[in-house]
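Summary of structural features
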Amino acid sequence: MKWTVEPRSAVGAVIRLEGRLDLLSAAAVKTMLSESVTQGRRHLVVDLAEVTSIDSSGLGALIGGLKATRLAGGDLRVARPNQQVQLVFSLTSLDRVLKPYVTLDEAASDFLE
């Protein structure tokens, strides 16, 4: 799993993930999300366009990031999930908690300013 953090404002960033978000990468992703919040970025958009697959550990990492942002008074949004990722979100009803946005602009609108 690779990632890049693209700051968009003093309190916001787009995080681009690439690869499999699974048991092997979930702990590192969760830590990275928490560290981003600790650094003051409480509004995060996670770009899932290059995530090839996700499992329950990956979902847990995203939920951990969501919890960290909300405790800091912010939020976490997900954007551009592929069909497999969207299916997992739907099957687990996580799409009710983390509504997937079709585009980055839609996810970042009125959020990362």
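So, here's what we can say about the structure. (Residues numbered from 1 in each chain as written. Predicted model: local features only at pLDDT ≥ 70, side-chain atom pairs only at ≥ 80, totals over all residues. Heavy atoms only, no water.)

**Some words on helix H3 (residues 83–91)**
As a reminder, the rule being used: Only protein chains enter the accessibility calculation, which uses a 1.4 Å probe; a residue is then buried when its area is under 20% of its type maximum, exposed when over 50%, and partly exposed in between. Numbering goes from the N terminus for both helices and strands, where a helix is a DSSP run of H or I of at least four residues and a strand is a run of E of at least two. The arc in question is formed by the directions pointing from the helix axis toward the C-beta atoms. Polar contacts here mean pairs of N or O atoms no more than 3.5 Å apart (in protein, one a potential hydrogen donor and the other a potential acceptor; neighbouring residues in sequence count only if both atoms are side-chain atoms).
Where H3 is concerned, the buried positions are Val 85, Val 88 and Phe 89. For H3, the angular spread of the buried residues around the axis is 100°, confining them to a single face. Those residues of H3 that are exposed and aimed more than 90 degrees away from the buried face are Gln 83 and Leu 91. Capping of H3 at its N-terminal end is provided by Asn 82; its side-chain oxygen lies 3.0 Å from the backbone amide nitrogen of Gln 84.

**Focus on the nonpolar core**
Quick reminder of the rule: Only buried residues count toward a nonpolar core. Its members are Ala, Val, Leu, Ile, Met, Phe, Trp, Tyr and Cys residues joined through side-chain atoms within 4.5 Å. By definition in these notes, contact holds between two residues if any of their heavy atoms fall within 4.5 Å.
Counting 26 residues, the largest nonpolar core has Leu 17 and Phe 89 as its most contacted members. Those elements that place two or more of their residues in this core are strand S2 (12–21), helix H1 (26–38), strand S3 (43–54), helix H2 (56–71), strand S4 (75–79) and H3. Ignoring anything within four residues of it in the chain, the contact list for Leu 17 reads Met 1, Lys 2, Trp 3, Val 29, Met 32, Val 46, Asp 47, Leu 48, Glu 50 and Val 51. Judged by nonpolar contacts, the second largest core, of seven residues, contains Val 45, Tyr 101, Leu 104 and Phe 111.

**Concerning the sheet that holds S3**
Quick reminder of the rule: Strands pair, by our definition, only if DSSP identifies at least two bridges between them. What counts as an axis is a line fitted to C-alpha atoms, over the stretch in contact for a helix, and the angles between N-to-C directions run from 0 to 180 degrees.
Taken in spatial order, the five strands line up as S1-S2-S3-S4-S5 in an open sheet, and their pairing is mixed. The sheet terminates laterally at strand S1 (2–7) and strand S5 (100–101), the two strands that pair on one side only. Pairing analysis gives two bridges linking S4 to S5, with the strands arranged parallel. Paired with Ala 79 across the bridge in S5 is Tyr 101. Along the sheet, H2 makes contact with S2, S3 and S4, crossing S4 at roughly 140°. On the sheet, H3 packs against S3, S4 and S5 and is oriented at approximately 110° with respect to S3.

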